[in-house]
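# Coordinate analysis (summary)
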Amino acid sequence: MKALVKRAPERGLTLTEVPEPTIRDDEVLIRVRRAGVCGTDVHIYEWDAWASARCKPPFICGHEFAGDVVQVGALVDSVAVGARVTAEGHIVDEHSLFSRTGNAHVDPATRIIGVDRDGCFAEYIAMPASNIWPLDDAVSFDIGGIHDPMGNAFHTALTADIPGAVVLITGCGPIGAFAVGICKAAGAAHIIATDVNPTRLALARRMGANDAVHPDAARDAVMAASGGHGADVVLEMSGVPSAVHQAFALARPAGRVNMLGIPAKTIDVDFASEIIFKGLTIYGVVGRRMYDTWHQMSRFLRAGHFDPTPVITHRLPLEAVDEAMHLIKSGEAGKIIFEIA
Ligand code: ZN
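Rules used throughout
Residues numbered from 1 in each chain as written. Predicted model: local features only at pLDDT ≥ 70, side-chain atom pairs only at ≥ 80, totals over all residues. Heavy atoms only, no water. Donors = N, O, S within 2.8 Å, 3.2 Å for Na, K, Ca; no water. Helix = DSSP H or I, 4+ residues; strand = E, 2+ residues; numbered from the N terminus. Buried < 20%, exposed > 50% of the residue type's maximum accessible area, 1.4 Å probe, protein only. Pairing = 2+ DSSP bridges. Right-handed = clockwise from strand over helix to strand, strands pointing away. Expected span 1.5 Å × (residues − 1). Domains from an automatic or database assignment. Contact = heavy atoms within 4.5 Å. Buried area = accessible area lost by both parts, 1.4 Å probe. Salt bridge = Lys/Arg side-chain N within 4 Å of Asp/Glu carboxyl O.

## A closer look at the coordination of the zinc ion
- Within the protein, the zinc ion binds to Cys38 (SG), His63 (NE2) and Glu64 (OE); these donor distances fall in the range 2.0 to 2.4 Å.
- Binding-site remark: the zinc ion is held by donors from one chain whose sequence spacing is C-x24-H-E. Of the two residues, Cys38 sits in the loop between β3 (27-37) and α1 (39-46) while Glu64 sits in strand β5 (residues 64-72), which places them 26 residues apart along the sequence. For the pair formed by Cys38 and Glu64, the shared burial category is buried.

The structure is reproduced here in structure tokens:
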């Protein structure tokens, strides 16, 4: 089969022929229809410090996908051949302390497809049956293929108290843009979205932001919307140091800051003034809660209150991997998906 492989510890991904995966008794084989391209894939493509410390080539890249089941292992009775599915890409031992206490998403022993084992930038992928998530008939493979990053946005937004809240979302890449639409659907009173990139601000407006502004204008927008108190909830989606400080500064006293953006290096935080004396609650977002987030996501889609479609801006074949990586780095793309079959 055709696959995008990280062949050696160096920059780039290679489109090449590899053997189709074989499945274990508790796994299923899926024909990949669509796969989302993500910032994580860019790190692996560029082979930066994080990727070279974490990943062990050779492996197939990619962790966001949807497709149909073409084979099931002997022990699998939860999903049948022909089912349209996506999957949770974080593979966790279901007997671990974290799985058994409702915190599988932060299990340190998590293995991620396309990072720690073969991923989905390929015609077929093998997945544990327990990670499979069925798609409603009304959910397209395009939308199925972006459940992973959409789930990051659902996890970030819905672990805060959104109904009636003034929400500040710092960073409007694809996950920030999803979060705007989710907060709107969840009943936020007023959503302020920030980014330095006008294309991304336009997308945030389209997803329902009341204000989509440059970070320099964020304070005025937040204070105007909140009677001068600050945002009830801040969703930090950028990992940029100035945005992290702004998240703490513009959260109201006793507000909540949910942090998804990953800073490239250590940030100097004055805990006393920025967090403690304001009584802030900080929540670190990793992946998707298994499987609370998945149920919430499917129900929002089913109810029709949230449409992620505008966030998908590019559809490309696997052959266009270099173009896809370039587009993501340019900041001019929303979500890019590979059309595989
Ligand atoms: Zn991703």
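## Observations concerning the pairing of strand β18 (residues 335-339)
- Of all five residues in β18, four are buried, a share of seventy percent or more.
- In this structure, β3 lies alongside β18, joined through four bridges in antiparallel fashion. Looking at the pairing, Arg34 lines up with Glu339 of β18.
- Sheet topology note: the strand β17 (residues 312-316)/β18 ladder contains four bridges and is parallel. Looking at the pairing, His314 lines up with Ile336 of β18.
- Crossover connection from β17 via helix α12 (residues 321-330) to parallel β18: handedness right-handed.

## Here's the deal with helix α6 (residues 174-185)
- Here α6 spans 17 Å end to end across 12 residues, near enough to the 16 Å set by a 1.5 Å rise per residue.
- When you tally the buried positions in α6, you get 10 out of 12 residues, the bulk of the element.
- What α6 keeps buried is the set Pro174, Ile175, Gly176, Ala177, Phe178, Ala179, Val180, Gly181, Ile182 and Cys183.
- In the stretch just after α6, Gly187 is the one whose phi turns positive, near 95°.

## Notes on the domain arrangement of the chain
- In terms of domain boundaries, the chain breaks down into domain 1 (2-146 + 308-339) and domain 2 (152-284).
- Taking only C-alpha atoms, the centre of domain 1 and the centre of domain 2 are 28 Å apart.
- On the domain 2 side, the residues contacting the 11 residues of domain 1 number 11 residues.
- For the pairing of domain 1 and domain 2, the buried interface totals around 890 Å² over both sides, and the portion due to carbon and sulfur atoms is 66%.
- Considering only the surface of domain 1 that becomes buried against domain 2, Pro310, Val311 and Glu332 emerge as the three largest contributors, covering 50% of it.
- The tally of links between domain 1 and domain 2 comes to zero salt bridges.

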